[in-house]
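Listed here are the chains, written in short residue letters.
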Amino acid sequence: MSQDNVRVRFAPSPTGPLHMGGVRTALYNYLFAKKNNGTFILRIEDTDQTRFVPGAQDYIIDAFKWCGISPDEGPGIGGSFGPYVQSERKDIYKEYAQRLINAEKAYYAFDTAEELTKMRDEAKKMGMPNWQYNGVSRMSMRNSLTLPQSDVEQLIASKTPYVIRMKMPRNEDIRFEDEIRGWVVVNTNNLDDKVLFKSDGMPTYHLANIVDDHMMKISHVIRGEEWLPSAPLHVLLYDALNWERPKFAHLPLLLRPDGNGKLSKRDGDRLGFPVFPLNWTTIDGELYSGYKEKGYFPDAFINMLAFLGWNPGTQQELFSLQELSDTFGLDRVSKGGAKFDPEKTKWFQQQYIRSSSSKDLAEMLNDAFPAKLSTAERITICELMKERATFVSDIVEDGAYLYQKPIGYDKKVLSKKWKENTPKLIQEWQGIIESIDDFTSSNIESKFKAYLEEKSLGFGAVLLPFRLLVTGVGAGPGMFDIAAFLGKKEVISRMTSGLLEIEKIKNEA
Ligand code: GLU
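This is a predicted model, so every value here is computed, not measured. (Residues numbered from 1 in each chain as written. Predicted model: local features only at pLDDT ≥ 70, side-chain atom pairs only at ≥ 80, totals over all residues. Heavy atoms only, no water.)

### A word on helix H12 (residues 342-354)
Thinking step 1. For H12, with 13 residues, the first-to-last C-alpha span of 19 Å sits near the 18 Å given by 1.5 Å per residue.
Thinking step 2. Where H12 is buried, its residues contact helix H9 (291-294), helix H10 (298-306), helix H13 (358-364) and helix H15 (392-398).
Thinking step 3. At the N-terminal end of H12, a side-chain oxygen is found 2.9 Å from the backbone nitrogen of Glu343, two or three residues along, and the residue is Asp341. (Helix = DSSP H or I, 4+ residues; strand = E, 2+ residues; numbered from the N terminus. Expected span 1.5 Å × (residues − 1). Contact = heavy atoms within 4.5 Å. Polar contact = N/O pair within 3.5 Å; in protein donor to acceptor, adjacent residues only side chain to side chain.)

This is the structure:
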């Protein structure tokens, strides 16, 4: 079912590189917009200047580009609801904080950082470790609810630093219906008087977020579960400003592969998989690896992410971005955390490499192949190797024997499969190869089978040693395809020199 005037946003704070959980949130917003002929907006929430990390905004935009997720409105893109960076909208927010004060939904608080720390410490000593500025404690603090109006005016006139806090009502149930979780009910006694406007003249995330969502006509707020605790406050703010609430959808957390806890940025490289779309180097020179640089295709990465918390309700697992856009809906997003599985991610990548055209793969490997190889040879190598590859680099690395002689012989195969009579059989088989005129895969195969039949030999007795001599390893694409690709002369030369080499190894052992 498509919905009217869908406008959704992805609203990251540029406090570091975008984690794959963030990319998933962006993806679901994008897919939801596409599915409903809506608009997908990128908004940068940089009101917390102390946590600003240079390069983070560019990283987000680069990651989007790599993934193929393109916002319809945003910084550098334009749109009629800009600017899309909150620090550039600074002057907008004060007015709304003022409106809340006038409506007695918010108040000025003059408490200094020292006073607040003192209060917390004293509460701790009295056995209350989680002191909060709230409906009870606010009455013993220095704010416009406790000070005489003339003092308040004088403090403001003399430019005493203050914050503006939400005046959280006492004992009210806040209700809203989450598109994924159903009804959420929170009593205001469990909520504190959050700061809405800071002494540095900037709004906090909460105020800026709802003002912008309102002004940008956001219809659905789709974001991570970690924002669910903030939603009741947001709902109250919409109500306090007499604005229509958007719909909310809080996405399930991404969990570690072992299911224990939230996937964090430290988990990835520790457990051997990337957690970021692109490489990121911190100012201290620490590198976090990215899917792109590890060799994942963006389509595989996106397909994998789409399934972390959503399923189409069918058996189909491979979806292009377009198919996802046609299929996605919040009704099939799960409530429970989505366990990340690095093996499944590899599986997606394998499917995508297999379904890529060999010509495209050869182009991607343009610089990786030795210059001597012709385009046709490169394409055939890709065709032979892609079934067994995960990354394009595997094609060149695992398939090196397709363009150079083996550099050694797999010891395990050698000790297990190289028998007393192997050299004799190999020599017989080599004699047959020499007699094959039309050196095609099917010709080689039928001659091979005839030879086995004549000698009453099992398949493995000759095929494995043959593979070992020609490739140096015990497994790979069809051996007759390999032989046909290398050509008769090369195959015979590898068999002859390999035989000598292996005999030498055997004698030394
Ligand atoms: N700026 C918040 C973040 O960094 C946005 C949360 C929301 O979408 O409301 O994720």
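Structure shown, so let's carry the discussion forward.
### What to know about the sheet that holds strand E4 (residues 163-166)
Thinking step 1. With respect to topology, three strands assemble into an open sheet ordered E3-E4-E7, the strand pairing being antiparallel. Edge strands, defined here as strands with exactly one partner in the open sheet, are strand E3 (106-109) and strand E7 (195-197). The sheet shows a mean angle of 45° between the axes of neighbouring strands, direction not considered.
Thinking step 2. As paired strands, E3 and E4 are joined by four bridges and run antiparallel to one another. Along E4, the bridge assignment pairs Ala106 with Met166. (Pairing = 2+ DSSP bridges. Axes fitted to C-alpha atoms, helices over the stretch in contact; angles between N-to-C directions.)

### What about the nonpolar core?
Here is a general trend for soluble globular proteins: nonpolar side chains tend to be buried in one another's company.
Thinking step 1. Residues Met20, Ile395 and Phe466 are the most contacted members of the largest nonpolar core, which totals 105 residues.
Thinking step 2. In terms of residue count, helix H1 (residues 20-35) provides more of this core than any other element does, nine residues in total.
Thinking step 3. If near-sequence neighbours (up to four positions away) are discounted, Ile395 is found in contact with Ile353, Leu361, Leu365, Phe369, Ile381, Cys382, Met385, Lys386 and Ala389.
Thinking step 4. Listed in part, the 39 residues of the second largest apolar core include Leu100, Met216, Ala231 and Leu233. (Core = buried A, V, L, I, M, F, W, Y, C linked by side-chain atoms within 4.5 Å. Buried < 20%, exposed > 50% of the residue type's maximum accessible area, 1.4 Å probe, protein only.)

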